[in-house]
Amino acid sequence: NPHLLSDAQALQQRLLQSQAALEGIAVIRVVGADGQVLGSTAQLGPSYEMRNNPLIWAQLLNAQQTGKMVVGPLVRLPTLNRRVLPQLQFYPASGDAPAFWIGIGIERMAFNRLWVRLARQSQQGDALREAEGFLLVRQDGYVLARWPEVPNDRVEAFYGHPQTGALMRALQDHPDKA
């Protein structure tokens, strides 16, 4: 509804309703084309205002330029004490509605649980065996999900930076084999 974009209170209410209906959602934000936050389910502080965070701003511009949803990389939200996986979608201006982005931050552990369930389903009921694992990684090396999970003291190092090891180089060199 384009009218929500000009009614901050109604937009806020709709975002909170949406967040409550979706399991594992830490934050939902609507951002104008100029980077101004139009509505949010949480205050994240000045370092998470779009133009103040180069990584987030680059992801927003990527979503705008490609017309596709951009997922990740994982970010830590100190005000919520959580790590979330952002999913960003750009909506161009249409009729009365101005251009805007919607960003959803999925809690890292909720996202990992989803991928474990999917992996188990693909095993057709067989449990993931101890010797098995999976890694969901972006083309630029940022890890989105991993099982088994990394120890808590390695989470930031593992998810917070692009991976550059032998497996990542092999995936980048041969994307058709992934």
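On a predicted model such as this, the values are computed, not experimentally measured, just so you know.

Caption draft 1: Expanded view of the overall build of the protein chain. Counting its secondary structure elements, the protein chain contains five helices and eight strands. Each helix and strand of the protein chain, placed in order from N terminus to C terminus, yields the pattern α-β-β-α-β-β-β-β-α-β-β-α-α. Scored against the burial criterion, the 178 residues of the protein chain give a buried share of 38%. Counting contacts in the protein chain only where the partners sit at least 6 residues apart, residues at least 24 apart contribute 42% of the total. Accessible surface, the protein chain: about 10600 Å² in total, of which carbon and sulfur atoms supply 52%.

Caption draft 2: Looking closely at the pairing of strand S6 (residues 100-107). Relative to S6, strand S1 (residues 25-32) runs antiparallel, the two being bridged by seven bridges. For Val 27, the partnering residue across the bridge sits in S6 and is Gly 105.

Caption draft 3: Structural view of the packing of aromatic side chains. Tallied over the full model, the rule gives four aromatic pairs. Here the aromatic rings of Trp 57 and Trp 101 are separated by 5.7 Å at their centres, their planes lie at 65 degrees, and the arrangement is edge-to-face. Here the residue Trp 57 occupies a position in helix H2 (residues 54-66), and Trp 101 occupies one in strand S6, the gap between them amounting to 44 residues. Here Trp 57 and Trp 101 have matching classes, each one buried. Both rings, one in Phe 158 and one in Tyr 159, keep their centres 5.4 Å apart while their planes meet at 85 degrees; by these two values the pair is edge-to-face. Per residue, the accessibility class of Phe 158 equals that of Tyr 159, and both read buried. Each member of the aromatic cluster is reached from another via a ring pair, and the members are Trp 57, Phe 90 and Trp 101. The lysine or arginine in question, Arg 146, covers the ring of Phe 158, its NZ or CZ lying 5.4 Å from the ring centre.

Caption draft 4: Quick peek at the confidence of the model for the protein chain. When pLDDT is averaged along the protein chain, the result is 82, and 88% of the positions lie at 70 or above. The lowest-confidence element of the protein chain is helix H3 (residues 108-122), averaging 77 in pLDDT; the highest-confidence one is helix H1 (residues 8-21), averaging 92.

Caption draft 5: Expanded view of the layout of surface pockets. When its volume is computed, the largest pocket comes out at roughly 280 Å³. If you trace the largest pocket, you find 15 residues lining it, with Leu 11, Leu 15, Val 30, Phe 100 and Ile 102 closest to the centre. Looking at the lining of the largest pocket, the elements that each hand over two or more residues are H1, S1 and S6. Here the lining of the largest pocket is built from residues that sort into twelve nonpolar, two polar and one charged.

Caption draft 6: Geometry of the pairing of strand S8 (residues 143-147). Looking at chain direction, strand S7 (residues 134-137) and S8 are connected through four bridges and run antiparallel. Bridge assignment links Leu 135 to a residue of S8, and that residue is Arg 146. Hairpin connection between S7 and S8: a loop of five residues separates the two successive antiparallel strands, and Gly 141 in this loop has a positive phi of roughly 100 degrees.

The rules behind the values
- Residues numbered from 1 in each chain as written.
- Predicted model: local features only at pLDDT ≥ 70, side-chain atom pairs only at ≥ 80, totals over all residues.
- Heavy atoms only, no water.
- Helix = DSSP H or I, 4+ residues; strand = E, 2+ residues; numbered from the N terminus.
- Buried < 20%, exposed > 50% of the residue type's maximum accessible area, 1.4 Å probe, protein only.
- Contact = heavy atoms within 4.5 Å.
- Areas by Shrake-Rupley, 256 points an atom, 1.4 Å probe, with all protein chains shown as cover.
- Pairing = 2+ DSSP bridges.
- Phe/Tyr/Trp six-rings, centres within 6.5 Å; stacked < 30°, edge-to-face > 60°.
- Lys NZ or Arg CZ within 6 Å of the ring centre and 35° of its normal.
- pLDDT = per-residue confidence, 0-100.
- 1 Å grid on protein atoms, 1.4 Å probe; cavity = no way out; pocket = protein on both sides within 12 Å on 5 of 7 lines; lining within 4 Å.
- Points joined across faces, edges and corners; volume = space filled by probe spheres on them.
- Nonpolar A, V, L, I, M, F, W, Y, C, P; charged D, E, K, R; others polar.

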